[in-house]
Amino acid sequence: MSVDAAGEEGPSTLSLSSVVKEIQGFKDKFKREDFDSPSPFADLEKAAVLQECRAFSDAKVVTESPRRCSHLITKLLHIVTQGDAMSSSEVTDVFFGVTKLFQSTDASLRRMIYFFIKEVAETCNPDDIIIVTSSLTKDMNSNEDLFRANSIRVLSRMIDATMLGAIERYVKQAIVDKNAMVSSSALVAGLHLSKGSPDVVRRWVGEVQEALHSPSAMVQFHALALLYEIKSHDRLAISKMVTQLARGPISSPCAACLLIRYISSSLAGWRGESTASSVERAAYQYLELSLKDRSEAVIFEAAKALCSMPGADDRDLGPAVASLQLFLSSPKPPLRLAAMRALSRVSTARPAALVKCNDDMEALISDSNRSVATFAITTLLKTGSESSVDRLMKQISSFMTEISDDFKVVVVTAIRELCLKYPPKHQVLIGFLANFLREEGGFEFKSAIVDAIVVLMHAVADTKETSLFHLCEFIEDCEFTALSTQILHLVGSLGPATRAPARYIRFIYNRIILENSAIRAAAVSALAKFAVRVPALRSSIKVLLHSSLRDEDDEVRDRATLALRFLGGDLSSCMQRPDHESNLRSPTEEVSESCAVADAPHSTLSVDMLFKPLPLSFVELAGALRQYEKVHGADNEDAILSYSTLPIADAVASTKRVEVPSRSGLKPESNCTAFYKIPEIATLGPILRSTASAPLTESETEYVVSYVKHILEHHLVLEFSVMNTIQDQVLQDAREDAYNVAR
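About the criteria used
- Residues numbered from 1 in each chain as written.
- Predicted model: local features only at pLDDT ≥ 70, side-chain atom pairs only at ≥ 80, totals over all residues.
- Heavy atoms only, no water.
- Helix = DSSP H or I, 4+ residues; strand = E, 2+ residues; numbered from the N terminus.
- Buried < 20%, exposed > 50% of the residue type's maximum accessible area, 1.4 Å probe, protein only.
- Contact = heavy atoms within 4.5 Å.
- Areas by Shrake-Rupley, 256 points an atom, 1.4 Å probe, with all protein chains shown as cover.
- Core = buried A, V, L, I, M, F, W, Y, C linked by side-chain atoms within 4.5 Å.
- Patch = residues over 30% accessible without salt bridge, like charges linked within 9 Å, V, L, I, M, F, W, Y side chains within 5 Å.
- Salt bridge = Lys/Arg side-chain N within 4 Å of Asp/Glu carboxyl O.
- Phe/Tyr/Trp six-rings, centres within 6.5 Å; stacked < 30°, edge-to-face > 60°.
- Lys NZ or Arg CZ within 6 Å of the ring centre and 35° of its normal.
- Axes fitted to C-alpha atoms, helices over the stretch in contact; angles between N-to-C directions.
- Parallel < 35°, antiparallel > 145°, perpendicular 65-115°, else oblique.
- Nonpolar A, V, L, I, M, F, W, Y, C, P; charged D, E, K, R; others polar.
- Polar contact = N/O pair within 3.5 Å; in protein donor to acceptor, adjacent residues only side chain to side chain.
- pLDDT = per-residue confidence, 0-100.
- Lys, Arg positive; Asp, Glu negative; His and termini not counted.
- Charge placed at Lys NZ, Arg CZ, Asp CG, Glu CD.
- Pairing = 2+ DSSP bridges.

### Comments concerning the overall build of the protein
- A count of helical and extended segments in the protein gives 39 helices and four strands.
- Split into buried and exposed, the 743 residues of the protein put 43% on the buried side.
- Intrachain contacts of the protein at a sequence separation of at least 6 include 62% that bridge at least 24 residues.
- Of the roughly 41,300 Å² of accessible surface on the protein, a fraction of 53% belongs to carbon and sulfur atoms.

Right, dumping it as structure tokens:
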């Protein structure tokens with residue numbers, strides 16, 4: 001009978017779709033069962049579990065039911081990790097019970113015992129730890145390699161310096177053991193013990209060096225780590241170790257990567273020393289040789305170390321860049337990402353060394369891994385030539401819509417640096433940023449673009465008017481109040497100096513009509529700046545400002561009133577209302593009646609009020625006003641209030657000032673008072689802030705020295721206080737070296 005005939009005679013035939021449907025049904029069934037099944041440790045009670053653990057004392061249960069004992073230990077670990085602490089008596093009982101489990105030779109149960117002891121012993125009373133120490137010491141001398149290795153690891157986490165002498169001989173023997181697991185466990189134990197007993201571990205140098213020649217890759221790695229830890233206090237010993245290991249090949253890829261990292265960190269510390277040249281030569285030869293290793297991890301570590309070597313030139317970077325370039329075409333995404341990240345760091349300092357990689361990096365712009373593509377684009381923006389800018393912008397345009405805002409911010413920063421590098425390409429780059437300024441995006445992305453455009457406006461003068469117009473178009477549909485106010489302030493500062501300042505008035509006035517109160521207030525201030533600096537637009541702007549006098553927000557009304565007051569506008573005439581509203585008085589009308597004056601040209605004081613910031617902070621202004629009221633009284637109408645008549649108030653330090661002890665009993669006078677007693681310094685202007693007094697010497701010394709930093713608008717003044725605590729001596733010809741303080 002043929003196969004087809006057999007299929008026809010059967011009750012039913014299986015097709016591919018039916019098989020897939022069956023598998024999907026089983027998958028959904030198991031998923032529902034896993035979702036509905038509760039955790040087996042959800043309703044554990046500590047008392048019930050401790051009661052069950054009394055079975056540890058039954059030798060029959062221990063030897064015949066190791067799986068049950070492992071399950072009980074799992075319950076105990078769950079209770080401990082959930083934060084349900086056990087009392088000292090409960091811990092003692094549990095440790096006594098666990099020691100009974102050492103009767104079993106089951107490997108799985110014994111590993112659970114080691115795991116439980118290691119996790120719980122660190123939080124227990126040292127007196128309870130002694131209970132299991134003897135059992136672990138017995139296992140350390142066992143014939144089973146599994147027991148020996150795990151017991152050594154657990155003991156290293158439990159014992160202190162006083163108990164280490166009793167097992168030191170066994171640990172040293174285990175380091176050179178033929179079994180790789182035992183040797184590696186002893187080396188890891190040495191790493192833990194070196195933190196508490198470094199002098200004892202330093203005596204194991206011979207055994208550790210012997211373990212370094214082990215054929216096991218794991219043993220070599222741990223031996224190198226422990227050897228470096230032992231010699232880390234001696235820089236000469238480290239240099240010798242690095243030189244010797246660089247000459248002798250290490251077969252373990254992990255150990256080779258670790259050695260390369262040690263070499264890289266050591267070269268940074270030896271820079272400028274007499275022995276640095278010989279060590280650098282040996283290190284460079286080893287790193288260059290490692291570029292030909294069979295392991296990709298070793299090649300990458302060596303290339304990264306060569307790229308970060310101090311004083312390396314383009315010729316030294318050539319082999320490393322060539323190796324990283326090969327990784328760019330690797331089918332493994334981790335290798336491509338690691339290579340691009342390393343090349344991106346090199347491009348910051350030496351972009352010319354990566355020119356030969358541009359073709360490979362351009363192919364990665366369309367990489368499925370967005371991190372790789374982002375690194376490729378930012379690196380190309382640093383290494384690309386002026387002729388490749390247009391091509392890069394076309395490739396990036398399609399890429400920007402596929403990445404998150406975090407990656408977009410990185411790209412925007414790279415574009416800003418590229419524009420600073422090639423100013424003639426500002427039209428293409430500014431246009432690219434402006435296009436994405438109008439696309440969808442979060443605040444961080446839009447803020448990064450605005451900041452980049454502002455930086456380019458100040459760095460490249462030709463971009464000023466074009467950038468201002470792009471920013472004005474952006475605020476027509478901007479959803480972020482902070483960015484709108486920032487741009488309006490920028491337009492008010494730079495717009496009046498452009499060739500056609502009138503083109504910006506429409507954008508500003510639209511904000512008064514359409515936006516919220518914060519943006520309306522910023523728009524009023526921007527219009528006032530245009531009116532002051534562009535006389536031809538003053539009359540038209542005054543008409544626009546009149547509409548803001550009846551704004552519902554106090555800040556907008558106050559700014560419009562102040563602007564019209566300085567511009568010489570007649571506020572009372574524009575605030576007139578119909579007769580049926582004559583009995584209604586708004587706060588703006590009261591301000592207007594008190595501030596109304598005849599038309600007069602704006603004065604220098606008016607310009608200062610509109611453009612220049614306050615000469616002191618709000619905190620200092622409040623303190624100066626309080627002192628002014630104490631001196632002149634709050635109801636004194638004859639007193640003239642101005643910045644020149646305000647008393648100088650001390651800056652409020654954010655931290656408590658350090659009082660310098662004085663044996664003479666005299667209190668040091670106020671910093672600001674002493675500051676302004678010096679005529680040459682008093683002319684520098686008001687103090688914006690004074691730091692807390694910082695001591696430069698110990699308080700018990702013969703000469704107590706401290707200093708205070710006074711921060712002014714354009715100056716930084718350091719005030720030193722030298723106090724002589726010896727009564728029968730006088731200081732003469734004292735001078736200060738302020739270099740370390742100012743730094």
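### Points about the nonpolar core
- By size, the foremost hydrophobic cluster in this structure holds 185 residues, and its most contacted members are Ile117, Val208, Leu324, Leu381, Met393 and Leu433.
- Looking at which element gives the most residues to this core, the answer is helix H30 (residues 517–533), with 11 residues.
- Apart from the residues lying within four places of it in its own chain, the contact partners of Val208 are Ile175, Leu187, Ala223, Leu226, Leu227 and Ile230.
- Core analysis: the second largest hydrophobic core is formed by five residues, Leu616, Leu621, Ala624 and Tyr628 among them.

### Some words on the environment of Arg499
- Here Arg499 shows up in the loop between helix H28 (481–494) and helix H29 (505–514).
- Owing to a relative accessible area of 76%, Arg499 belongs among the exposed residues under this scheme.
- As for Arg499 and Glu465, which are separated by 34 residues in sequence, their C-alpha atoms are 8.4 Å apart.

### What to know about a nonpolar patch on the surface
- Taken together, the side chains of Leu688, Ile711 and Leu716 present a nonpolar region at the surface, about 230 Å² in accessible area.
- Turning to its location among the elements, Leu688 is positioned in the loop between helix H38 (679–682) and strand S1 (689–690).

### What about the environment of Asp313?
- Among the structural elements, Asp313 can be located in the loop between helix H18 (296–307) and helix H19 (314–328).
- A sequence separation of 40 residues divides Asp313 from Ala353, and the C-alpha atoms of the two residues are 9.0 Å apart.

### Thoughts on the packing of aromatic side chains
- The final tally for this structure, using the stated rule, is six aromatic pairs.
- Taking the centre distance of 3.7 Å and the plane angle of 5° together, the rings of Tyr228 and Tyr262 count as stacked. With Tyr228 in helix H14 (residues 217–231) and Tyr262 in helix H16 (residues 253–270), the pair connects residues that are 34 residues apart, well separated along the chain.
- Overall, Tyr262 belongs to the buried group, its relative accessible area being 13%.
- An angle of 65° between the planes, with centres 5.5 Å apart, marks the rings of Phe443 and Phe480 as edge-to-face. One end of the pair, Phe443, is in helix H26 (residues 443–459); the other, Phe480, is in the loop between helix H27 (464–475) and H28, with 37 residues separating them in the sequence.
- The class for Phe443 is partly exposed, based on a relative accessible area of 35%.
- Across from the ring centre of Tyr170, 4.5 Å away, lies the NZ or CZ of Arg169, which sits over that ring.
- The lysine or arginine in question, Lys408, covers the ring of Phe445, its NZ or CZ lying 5.1 Å from the ring centre.

### Overview of the packing of helix H22 (residues 370–383) against helix H24 (residues 405–421)
- Close contact between H22 and H24 brings their axes to 8 Å; oriented N to C, the two are set at 10°. Between H22 and H24, the angle is such that the two are roughly parallel. Residue-level contacts link Arg370, Ser371, Thr374, Ile377, Thr378, Leu381 and Lys382 of H22 to Phe407, Val410, Val411, Ala414, Ile415, Leu418 and Lys421 of H24.
- Looking at the contact of H22 with H24 residue by residue, the classes come out as eight nonpolar, three polar and three charged.

### Some details on the pattern of salt bridges
- Going through the model one piece at a time under the given rule, you end up with 21 salt bridges.
- With a closest N to O distance of 3.3 Å, Asp145 and Arg148 form a salt bridge. Taken together, the positions of Asp145 and Arg148, both in helix H9 (residues 145–158) and three residues apart, correspond to about one turn of that helix.
- Of the residues examined, Arg148 reaches a relative accessible area of 16% and is grouped as buried.
- Glu465 serves as the salt-bridge partner of Arg499, at 3.1 Å between the closest nitrogen and oxygen. Of this pair, Arg499 sits in the loop between H28 and H29 while Glu465 sits in helix H27, and the two are 34 residues apart along the sequence.
- Taken together, the salt bridges that share partners define one network made up of Asp145, Arg148 and Asp177.

### So, the side chain of Thr99
- Tracing the chain through its elements places Thr99 in helix H6 (residues 88–100).
- Note on Thr99: relative accessible area 16%, which makes it buried.
- At 2.4 Å, the side chain of Thr99 forms a polar contact with the backbone oxygen of Phe96.
- In contact with Thr99, not counting residues within four places along its chain, are Ile131, Val132 and Ser135.

### As for the side chain of Lys231
- With respect to the element layout, Lys231 can be found in helix H14.
- Lys231 gets classed as buried once you look at its relative accessible area, which sits at 16%.
- Those residues within four positions of Lys231 in sequence are excluded, and the remaining contacts are Val205, Gln209, Ala237, Ile238 and Met241.

### Re the confidence of the model for the protein
- Within the protein, residue pLDDT values average 77, and 80% of them lie at 70 or more.
- Across residues 1–14, where pLDDT falls below 50, the model places three contacts with residues more than four positions away in sequence or in other chains.
- The low-confidence segment residues 651–671, where pLDDT is below 50, has 36 contacts with residues more than four positions distant or belonging to other chains.

### What about a negative patch on the surface?
- A contiguous patch of negative charge on the surface is contributed by Glu439, Glu440, Asp477 and Glu479.
- Note on placement: Glu440 falls in the loop between helix H25 (426–437) and H26.

### Things to note about the pairing of strand S3 (residues 703–711)
- Where S1 and S3 come together, two bridges link them in antiparallel fashion. Bridging across to S3, Ser690 finds its partner in His710.
- Bridging between strand S2 (residues 694–695) and S3 involves two bridges; their strand directions are antiparallel. What sits directly across from Pro695, in S3, is Ser706.
- Two strands pair when backbone bridges link them, and S3 and strand S4 (residues 716–724) are joined in this way by nine bridges, in the antiparallel orientation. Its bridge partner being in S4, Tyr703 is matched across the sheet by Asn724.
- Where S3 folds back onto S4 in an antiparallel hairpin, the turn is made up of four residues.

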